[in-house]
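What follows is the residue order along each chain.
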Amino acid sequence: MDERLSFTVNGQGVSLVLGKDVEASDRLSSVLRDRLGLTGVRVACEQGACGACTVLLDGRSVLSCMMFAADAQGCDITTIEAYGRDDPVAASFIEMAEPGYGTAMQCGFCTPGFVMEAHGLLRENPDPTREEIRDAVSGHICRCGCYHGIIRAVENAAARMGEGGAGA
Amino acid sequence: MKAAAYRPRTERKYVGSYSPKIDAAEKTLGKVRFFQDVTLNGMFPNTVYGGILQSPYANASIARMDTGKAEALPGVRAVLRYDDPEIRALKPTTHSWTDTAITPLHRDTLPRFFDRVFLPGSAKWLGDQMGVAVAADTPELVREALALVEIEWELRPAFLEAEEAVLPGATDLHPGLCDSKNKIRLHGDFVDDVSFEKGDVDRARAEADVAVHVDKVYGGNASHGTLDFRGCLIHWDGGRIDCWTNQYYTDQTRMYLHEYLDVPINRIRVVNGHCGAHMGKWNMGEDGYYIVMAFLSKRSGRPVKYRMDVHEEFHDTRNYTRFEMDMFAKSDGTITGMDIVGTGTLGGYYGPIEYNVQFIVEESAGRVLAPIDSLRLRSRAYFTNRMPGGVMRGIGNLQLCWPVFQASDMVAEALGMDPVDIIKKNFGDAWSPRPNASLAAVLDRGAELIGWEQRRSAADNAAGGGYRKRGLGVAAWNQWHAEWQENARGRVEVAFRINPDMSVTLISPTCETGAGGNSACVLACAESLSFLNVTPDDVHWVPVNDSDTGLRDCPPTDSVVSFLMPEAMPECAEKIKDEFRRRAALMLGADPSELDVDDAKVFVKGDPSRSVSCWSVMMDVDCVPVYAHVTRDNNKTVTGISFGAWFADVEVDVETGEIDVRHVVLANDVGQVMHASGAESQQLGAQALGIGEALTEDLVYDRRTGAALNRNYLDYKMLTSADYPEVSPCLLEVWRGAGEYGAIGLAESATAGTTTAIANAVYNAIGIRFDTLPITPKKVLDALASRG
C-alpha cells in the first residue's frame with residue numbers, strides 16, 4: 001500500500017501519496033503552494049530570514065519553507081486562505097489608516113506572513129503589550145517598512161478580539 | 001509614535017483622505033497575484049525552468065568549456081553557450097533607466113555605455129551571469145546541469161576600489177569606453193574633470209571666513225532587499241513572444257524584447273501584475289536574462305520560467321559614490337561656494353553613475369543648492385570588479401545630501417549658529433523668493449516635533465556624564481519630481497468605463513509595487529466623477545497590465561503615479577460627461593449643449609425638471625458602457641519645487657558603540673496630499689530603509705577574491721520591527737505645483753535625509769563625524785579609541 005502524507009489544511013483533510021504526489025524532500029511551502037494552490041503562502045528567501053512563508057501548525061507559527069512537508073504528518077495546518085475580511089486580525093490590517101501610523105502594508109508581499117504570526121501570538125497571549133507584539137513579529141521583514149502600521153494593527157486586533165470579535 | 005493629522009489646504013471629497021489602501025483586503029488575505037503565483041506549473045503545463053551560470057570568480061574568462069555532460073543529462077531541454085553564433089550576433093546592451101529613456105537602444109537613451117553583452121565569455125564580478133544557460137524540467141535539474149559544465153578558467157586578480165583600478169596590474173575592463181585605464185568617459189568635454197561650474201569658486205575660497213572640508217562615501221554596500229525576486233516566464237513560439245514578469249513596466253519590457261529579438265511589437269505580449277516592492281531595481285538592459293530565456297524557449301520549444309534566488313537577487317547596489325567637498329562661508333552664515341570632487345566606483349558594468357557624480361549636482365544647482373553663488377564639480381568614475389551599481393530609491397540625492405548637510409552642520413558649528421538657521425539661510429530653489437517658504441515650513445514643523453529647542457552643543461553633550469550620550473541632528477533636501485520635471489516620461493494614459501450598473505472600471509495602468517499610486521488614482525477617479533455620485537468603493541482599478549489589450553503603463557518611479565495620472569482625470573471625466581449629454585439628448589429631445597450632468601442625472605440647464613437618470617441612459621437600448629480615454633501631455637509650467645526636513649534624536653552608548661535611534665521626525669511639503677494614509681506610510685517606510693543604511697545594511701567583501709560574502713537575508717541586515725524606532729511623519733501643503741492637484745513626489749524623496757540627520761545627531765552626541773556607512777558599533781568604538 002502507498003505510503004501517505006496526511007494532514008488537515010484550513011479544516012480540510014489532505015492525503016498525498018509519498019513518492020508520487022509529494023516527495024519526502026519537498027518543503028511544506030512548496031506543497032502548499034504548488035500542489036494545493038495556496039499561493040497566499042509567500043516564498044522569498046527560503047532560508048528562514050524573512051517570515052513571508054509563515055503558517056500555523058497546530059496553532060503555532062512556523063516557517064513553511066524551513067520544514068519538510070513530511071514532518072507535518074497528522075498536523076493541523078492553517079494558512080492565510082482560512083481567513084476572510086471578517087477575521088479580526090485581517091480586518092485590522094486591512095483597515096489601518098490612523099494618522100501617524102500609515103498603513104499596515106504597501107506592496108503586500110509579506111502581509112499574510114505577519115497576519116499568521118499575529119494569530120499565533122494572540123492565541124497564546126490575547127492581550128500583548130506593544131513590546132511583546134514588536135518581539136513577536138521581529139522575525140519578519142517588511143522591506144516597505146510598515147512596522148508602525150503593523151504593530152498598531154495587531155494592537156487593534158487584540159482589542160477587537162477582547163471585545164468578542166468573530167474568529168477569535 | 002503618533003503625529004497630528006495634516007490639515008488639507010483644499011477640502012476635497014476623497015483626495016487627500018486618511019483611508020485604507022484600495023487593495024488592502026486582497027493583499028492582507030494573500031489574494032494579490034505576484035509573478036510566482038501566476039506562473040505556477042499548472043497554468044503552463046509544458047513549462048521548463050531556466051538558469052544561468054553565476055561566475056564563481058570576480059575577474060575571469062572562459063578558456064575552454066565542455067557542456068557535453070549537461071546536454072546528456074535526462075530532463076535537460078536546451079543548453080545555450082556563450083560562443084553560440086546566434087547569441088554572439090546580438091547587439092550589446094546597457095543599463096537603461098525609465099526616467100532617461102525607455103530602452104537601451106532608444107534614440108534618446110542617455111546612458112550610452114554599451115558595456116554589457118548577453119551571456120558573455122568573461123566575468124567582471126563574482127556572480128556575473130555568463131558562460132552558459134540551461135533549460136530543464138525542474139529547478140534542481142537546472143542546478144545539476146550547470147554543475148556538470150566543465151570550465152577551464154583564465155583567472156585575473158580582482159580589484160574593488162577606484163584607486164586599484166588604475167594600477168598597472170589591473171585589468172582594463174572596458175577599454176573602448178574609457179579615457180584611461182578603467183576611467184569611464186563621461187558625457188562632455190571636461191578639462192581637469194571639471195564637469196560643472198558656476199560663479200567663482202576660487203574667489204569664494206579666497207574670501208571665506210570659514211572653510212570646512214568633508215570626504216564622504218555613500219553606497220556600494222546597500223541593496224534593494226525586496227522579497228519578490230526578479231523573474232520572467234517567456235514563451236517564444238514561432239513568430240510570437242508571450243512574457244509574464246514582475247518587472248514594473250510592461251511597455252519597457254515589450255520594447256526591449258522587440259529591440260533585441262527583432263519581433264514586431266504587436267507579436268510581443270507582456271503581462272505583469274503586482275510586484276513585491278522594487279526600491280528602484282529593474283532597469284532594462286541590466287537584466288539580460290529576458291533575452292537568454294527567450295532563446296532557451298525558442299530552442300526547447302517550451303515556455304521557460306526563470307526566477308532569481310536570494311543570492312542572485314543581490315544583483316546591483318546603491319551606486320558607490322565619494323564626494324570630497326570644500327564648503328566656504330562668510331561670518332554672517334552665508335555659504336558662498338562649494339568645490340566638489342565626485343568619484344564613482346562602478347562595479348563590473350556601468351550603473352547610472354553619471355547621475356551621482358555629475359547630473360545630480362547640476363540639477364541641484366537649480367534646486368536645493370540654487371542660492372549658493374559658486375559651485376564647481378569635478379566628476380570621474382572607475383570600473384572595478386564589484387557588484388555593479390544601479391538605481392536604488394533616492395538615487396544620487398541621498399549621496400549628495402550626505403556631504404552637503406554634514407558640511408553645513410560643520411559651518412554652523414564653526415560660526416556658533418543653529419544648523420536650522422544655516423539651512424534656512426542658504427538653501428532653496430531657483431524659482432521662489434528667499435528664504436524659501438516651503439523649506440522654512442518643514443524645518444519649523446520638524447524642529448517643533450523633535451524638540452529642537454532642547455538641543456545642546458556637541459561639546460556640552462560630550463562633556464556630560466554617563467555612558468549614553470544624546471544628540472539631535474537635522475538635514476534637508478528638495479522633494480522630487482514636480483510635474484514639470486517629468487517631461488522625459490512622456491504622455492500619460494488613463495481611461496474610465498462607466499458600466500450599466502453605474503460601477504466604474506478605472507484603467508490607469510501601472511504596476512503596483514507598494515508605492516500606492518493605485519489608491520490615489522481611485523480617490524481621484526471618484527473625485528472627478530462626483531457628478532455621478534461615484535464613491536471610491538464603486539471604482540475597480542485594473543491591476544494587471546497587458547501590453548496586448550491595455551493602455552501604455554506608467555512606471556511607478558519618482559513617486560509620480562499618484563498625481564500624474566490623477567491630473568489626467570478631470571479631462572477624462574469631462575469626456576464622460578459629454579458622452580452622457582450626447583446620449584441623453586436623444587431621450588430628452590434637446591441639444592447636448594443645453595444639457596448638464598449632476599447628481600447622476602442629465603438635465604436641461606434652466607429646466608431641471610426635464611431630466612433622465614444616468615442609469616437610464618446606460619440602460620437605454622444597448623447597455624454599452626460609457627467609455628472615455630485621455631492621453632495627456634505633461635503640464636510644463638515651471639512652478640519650482642518643495643522641500644523636506646529630517647530630524648533625528650539618537651543616543652550613543654560609548655561603552656558598546658551602539659547607536660540607539662530614539663526618534664526620527666520628517667516633514668515633507670508635498671503640495672497636495674493625494675492619499676494621506678499612503679503618504680504617511682511612505683514617509684514611515686523610507687525611514688526603515690534610511691536607518692538600515694545608516695546603521696546595519698552592509699555588503700561585506702572578501703578583498704582577496706572579490707566576493708560579496710553576505711548575499712543573503714540572514715547576513716545582510718535589514719531593519720525589522722525590533723529595530724524600528726519611533727518615527728513621526730508630518731505632511732505639509734505649502735508650495736503648489738500646476739494643475740488640478742499640483743502635487744510633487746514623496747516616496748523617493750522621503751529617503752533623502754535620514755542617514756545625514758542621524759550622522760549629524762551622532763556627531764552632536766559624541767563629537768565624532770563618520771565618513772562611511774553604516775555607522776557600526778565597531779566604527780564608533782574605534783573612533784572613540786583613536787580620539788583617546
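Residues numbered from 1 in each chain as written. Chains lettered and ligands numbered in written order. Predicted model: local features only at pLDDT ≥ 70, side-chain atom pairs only at ≥ 80, totals over all residues. Heavy atoms only, no water.

Peer 1: I keep staring at the overall build of chain B and nothing clicks. Help me out?
Peer 2: Tallying secondary structure elements over chain B gives 21 helices and 33 strands in all. For chain B, whose C-alpha radius of gyration is 28 Å, the value lies close to the compact-globule estimate of 28 Å for 788 residues. Seen through its C-alpha atoms, chain B measures out along the principal axes to roughly 90 × 75 × 50 Å. For chain B, the residues scored as buried account for 66% of the 788 residues in total. Summarising the internal contacts of chain B: among those between residues at least 6 apart in sequence, 79% fall at separations of at least 24. When the accessible surface of chain B is split by element, carbon and sulfur atoms take 49% of a total near 26300 Å². In chain B, 81 side chains carry a positive charge and 108 a negative one; their mean positions are 1 Å apart. (Helix = DSSP H or I, 4+ residues; strand = E, 2+ residues; numbered from the N terminus. Rg over C-alpha atoms; globule rule 2.2 N^0.38 Å. Buried < 20%, exposed > 50% of the residue type's maximum accessible area, 1.4 Å probe, protein only. Contact = heavy atoms within 4.5 Å. Areas by Shrake-Rupley, 256 points an atom, 1.4 Å probe, with all protein chains shown as cover. Lys, Arg positive; Asp, Glu negative; His and termini not counted. Charge placed at Lys NZ, Arg CZ, Asp CG, Glu CD.)

Peer 1: Mind showing me how you'd approach the packing of aromatic side chains here?
Peer 2: Aromatic rings considered in pairs are described by the distance between their centres and by the relative angle of their planes. All names here are of chain B. Counted under the stated rule, the structure contains 20 aromatic pairs over all chains. Ring plane angle 70 degrees and centroid distance 5.3 Å describe the contact between Tyr57 and Trp153, whose orientation is recorded as edge-to-face. Of the two residues, Tyr57 sits in the loop between strand E1 (48-54) and strand E2 (60-66) while Trp153 sits in strand E6 (residues 150-155), which places them 96 residues apart along the sequence. Among the residues examined, Tyr57 registers a relative accessible area of 33% and is labelled partly exposed. Between Phe314 and Tyr716 the ring centres are 5.3 Å apart and the planes differ by 75 degrees, which places this aromatic pair in the edge-to-face class. With a gap of 402 residues between them, Phe314 in the loop between helix H10 (310-313) and strand E15 (317-318) and Tyr716 in the loop between strand E32 (707-708) and strand E33 (726-732) connect regions that are remote in the sequence. Neither residue differs from the other here; Phe314 and Tyr716 are each classed as buried. Here a set of aromatic residues connected by ring pairs shows up, and it is made of Phe118, Tyr256, Tyr260, Tyr289, Tyr290 and Tyr306. If you follow Lys305 out to its NZ or CZ, it ends over the ring of Phe35, 5.8 Å from the centre. The ring of Phe531 carries the charged tip of Lys577 above its face, separated from the ring centre by 4.7 Å. (Phe/Tyr/Trp six-rings, centres within 6.5 Å; stacked < 30°, edge-to-face > 60°. Lys NZ or Arg CZ within 6 Å of the ring centre and 35° of its normal.)

Peer 1: Looking at this structure, how should I read the sheet that holds strand E27 (residues 607-613) of chain B?
Peer 2: Pairing between the strands of a sheet comes from backbone hydrogen bonds, and it takes one of two forms, parallel or antiparallel. Residue and element names in this part refer to chain B. Across the sheet, three strands lie side by side as E25-E26-E27; this open sheet has antiparallel pairing. Two strands lie at the open edges of the sheet, namely strand E25 (595-598) and E27, each paired on one side alone. The sheet shows a mean angle of 35 degrees between the axes of neighbouring strands, direction not considered. Summarising the sheet, E25 and strand E26 (residues 601-604) pair through four bridges and their orientation is antiparallel. In the strand pairing of E26, Asp598 is matched with Lys601. (Pairing = 2+ DSSP bridges. Axes fitted to C-alpha atoms, helices over the stretch in contact; angles between N-to-C directions.)

Peer 1: What am I meant to see in the packing of helix H13 (residues 419-426) of chain B against helix H14 (residues 437-450) of chain B here?
Peer 2: Helix packing geometry: the angle between the two helix axes and the distance between the axes. All names here are of chain B. Contact geometry of H13 with H14 gives a least axis separation of 9 Å together with a crossing angle of 165 degrees. Classified by the angle between their axes, H13 and H14 sit roughly antiparallel to one another. Two packed elements cross with a definite hand, and for H13 against H14 that hand is right-handed. Touching Val420, Ile423 and Lys424 of H13 are Leu439, Ala440, Leu443 and Asp444, all from H14. Partitioning the contact of H13 with H14 into residue classes produces five nonpolar, no polar and two charged. (Parallel < 35°, antiparallel > 145°, perpendicular 65-115°, else oblique. Left-handed = near helix turned anticlockwise from the far one by under 90°. Nonpolar A, V, L, I, M, F, W, Y, C, P; charged D, E, K, R; others polar.)

Peer 1: What's the story with the nonpolar core in this structure? I'm lost.
Peer 2: Soluble globular proteins tend to pack their nonpolar side chains together in the buried interior. All names here are of chain B. One finds Leu257, Tyr290, Phe405, Phe427, Phe647, Val650 and Tyr713 to be the most contacted residues of the largest nonpolar core, which totals 208 residues. In terms of residues, this core owes the most to one element, helix H12 (residues 397-415), which gives ten residues. Ignoring any residue separated from it by four or fewer positions in sequence, one finds Phe427 in contact with Ile335, Val368, Leu369, Pro371, Ile372, Val404, Phe405, Ser408, Ile422, Asn436 and Leu439. Core analysis: the next-biggest nonpolar cluster, separate from the first, contains 52 residues, Tyr14, Val15, Ala526 and Leu595 among them. (Core = buried A, V, L, I, M, F, W, Y, C linked by side-chain atoms within 4.5 Å.)

Peer 1: Please clarify how the pairing of E2 of chain B should be interpreted in this entry.
Peer 2: The two faces of the sheet receive side chains in turn, since in a regular strand these alternate between them. Residue and element names in this part refer to chain B. With two bridges connecting them, E2 and strand E4 (residues 122-123) associate as antiparallel partners. Within E4, the residue paired with Ser61 across the bridge is Ser122. Two strands pair when backbone bridges link them, and E2 and E6 are joined in this way by six bridges, in the antiparallel orientation. Bridged to Asp66 within E6 is Glu150.

Peer 1: Looking at this model, I keep getting lost on the environment of Ser438 of chain B. Mind explaining?
Peer 2: Looking at the element boundaries, Ser438 of chain B is found in helix H14. Not counting residues within four places of it along the chain, the set of residues in contact with Ser438 of chain B comprises Ser642, Phe643, Asp669, Val734 and Trp735 of chain B.

Interpretation note: all reported values are geometric properties and have no functional meaning in isolation.
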